[in-house]
Amino acid sequence: RYLDSLNTEDFDDPQLTLELARAYTKIGDVQGRPYTANLGKSADALDSYQKALSLLEGAVRRDAQNFPLHRELVKTLIRLVAVKARLDGEPDAELAEALRLQTQINGIDGSNPIQNALELADVHIARGDHGQIDAAARIAIYTEALDSLMPFAGQSPEVTHTLTRLNQRLGSNY
């Protein structure tokens, strides 16, 4: 309720908006983020993620060059997709939007290529895990993500972890 009362205010501060959106996302995680410990309230989690998305979309419209806002928007879309898929929804529109936004971010902000590759791989993993596609399409998506991340192999624990996730998914689909 406290967050909802804050959410009724009009924020011009992108950092405050980002923090409020992250708070909604954390609440959504606790309520029902799939594959993590949660309260089993997927519908409530979906609602929390949608509130975070609404805040982030408005902030991105106001401050189009604020890449942390864009990145948080993509991360929140991925969480929403997982919950929506759990609730038997069709998350293809959100998956397409996450891919479009992450590709756009990567094309504009080249300051951290490893972060860009990791975040794009996360989008591809969500597409493969939750998209309404067949096994061959899933394999192609995971392979594309793996190929884009391989140049950074061994450069960070996050890269190693994501490469492991991709290889596991490829093995599960063959």
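What you see is a predicted model, and the numbers here were worked out from it, not measured in a lab.

Moving on: the side chain of Asn-116. Looking at the secondary structure, you find Asn-116 in helix α6 (residues 113-130). Taking the relative accessible area as the measure of exposure, Asn-116 reaches 6% and is therefore buried. A distance of 2.8 Å separates a polar atom in the side chain of Asn-116 from a polar atom in the side chain of Arg-71. Ignoring any residue separated from it by four or fewer positions in sequence, one finds Asn-116 in contact with Arg-71, Gln-102, Asn-106, Asp-109 and Gly-110.

Relative to each other, helix α2 (residues 14-32) and helix α3 (residues 42-62) sit at 165°, their axes nearing to 8 Å. Put simply, α2 runs roughly antiparallel to α3. Between α2 and α3 lies a crossing of left-handed hand. Counted together, Thr-17, Leu-18, Leu-20, Ala-21, Tyr-24, Thr-25, Ile-27, Gly-28, Asp-29, Gln-31 and Gly-32 of α2 and Ser-42, Asp-44, Ala-45, Ser-48, Tyr-49, Lys-51, Ala-52, Leu-55, Leu-56, Ala-59 and Arg-62 of α3 form the full contact between these two elements.

Below, the discussion takes up the layout of surface pockets. Of the pockets and cavities examined, the largest pocket occupies roughly 520 Å³. At the level of elements, α4 (67-86), α6 and α8 (157-173) are the ones that each hand at least two residues to the lining of the largest pocket. A total of seven residues in the lining of the largest pocket trace back to one element, the largest contributor, which is α6. For the lining of the largest pocket, the residue count by class is eight nonpolar, four polar and nine charged.

All right, on to the packing of α6 against helix α7 (residues 135-149) then. Viewed as axis vectors pointing N to C, α6 and α7 meet at an angle of 170°, and their least axial separation amounts to 9 Å. The angle between α6 and α7 places the two elements in the roughly antiparallel class. Counting all contacts with α6, which are made through Ala-117, Leu-118, Ala-121, His-124, Ile-125, Arg-127, Gly-128 and Asp-129, the residues of α7 involved are Arg-138, Ile-141, Tyr-142, Glu-144, Ala-145, Ser-148 and Leu-149. A class-by-class count of the residues in the contact of α6 with α7 yields eight nonpolar, three polar and four charged.

This part takes up the confidence of the model for the protein chain. Confidence in the prediction of the protein chain, expressed as mean pLDDT, is 92, and 94% of residues score 70 or more. Of all the helices and strands in the protein chain, helix α1 (residues 2-7) carries the lowest mean pLDDT, 60, while α6 carries the highest, 96.

Leu-56, Leu-69, Leu-73 and Val-74 are the most contacted members of the largest nonpolar core, which totals 23 residues. Looking at this core, the elements with two or more residues in it are α2, α3, α4 and α5 (92-108). The greatest single-element share of this core, amounting to nine residues, is contributed by α3. Setting aside chain neighbours within four positions, we find Leu-69 in contact with Pro-14, Leu-18, Leu-56, Ala-59, Val-60 and Asp-63.

The tally for this structure, following the rule as stated, stands at ten salt bridges. Put simply, Glu-19 and Arg-22 hold a salt bridge, and the shortest N to O gap is 3.3 Å. A residue pair is termed a helical-turn pair when its members lie 3 or 4 positions apart in one helix, as Glu-19 and Arg-22 do in helix α2 at three residues. Judged by relative accessible area, Glu-19 falls into the partly exposed class, the value being 38%. Residue Arg-71 pairs with Glu-119 through a salt bridge whose shortest N-O separation is 2.3 Å. Of this pair, Arg-71 sits in helix α4 while Glu-119 sits in helix α6, placing them 48 residues apart in sequence. Glu-119 carries the same exposure label as Arg-71, and that label is buried. Put simply, Glu-19, Arg-22 and Glu-72 are held in one network by salt bridges that share partners.

What counts, and where the lines are drawn
Residues numbered from 1 in each chain as written. Predicted model: local features only at pLDDT ≥ 70, side-chain atom pairs only at ≥ 80, totals over all residues. Heavy atoms only, no water. Helix = DSSP H or I, 4+ residues; strand = E, 2+ residues; numbered from the N terminus. Buried < 20%, exposed > 50% of the residue type's maximum accessible area, 1.4 Å probe, protein only. Polar contact = N/O pair within 3.5 Å; in protein donor to acceptor, adjacent residues only side chain to side chain. Contact = heavy atoms within 4.5 Å. Axes fitted to C-alpha atoms, helices over the stretch in contact; angles between N-to-C directions. Parallel < 35°, antiparallel > 145°, perpendicular 65-115°, else oblique. Left-handed = near helix turned anticlockwise from the far one by under 90°. 1 Å grid on protein atoms, 1.4 Å probe; cavity = no way out; pocket = protein on both sides within 12 Å on 5 of 7 lines; lining within 4 Å. Points joined across faces, edges and corners; volume = space filled by probe spheres on them. Nonpolar A, V, L, I, M, F, W, Y, C, P; charged D, E, K, R; others polar. pLDDT = per-residue confidence, 0-100. Core = buried A, V, L, I, M, F, W, Y, C linked by side-chain atoms within 4.5 Å. Salt bridge = Lys/Arg side-chain N within 4 Å of Asp/Glu carboxyl O.

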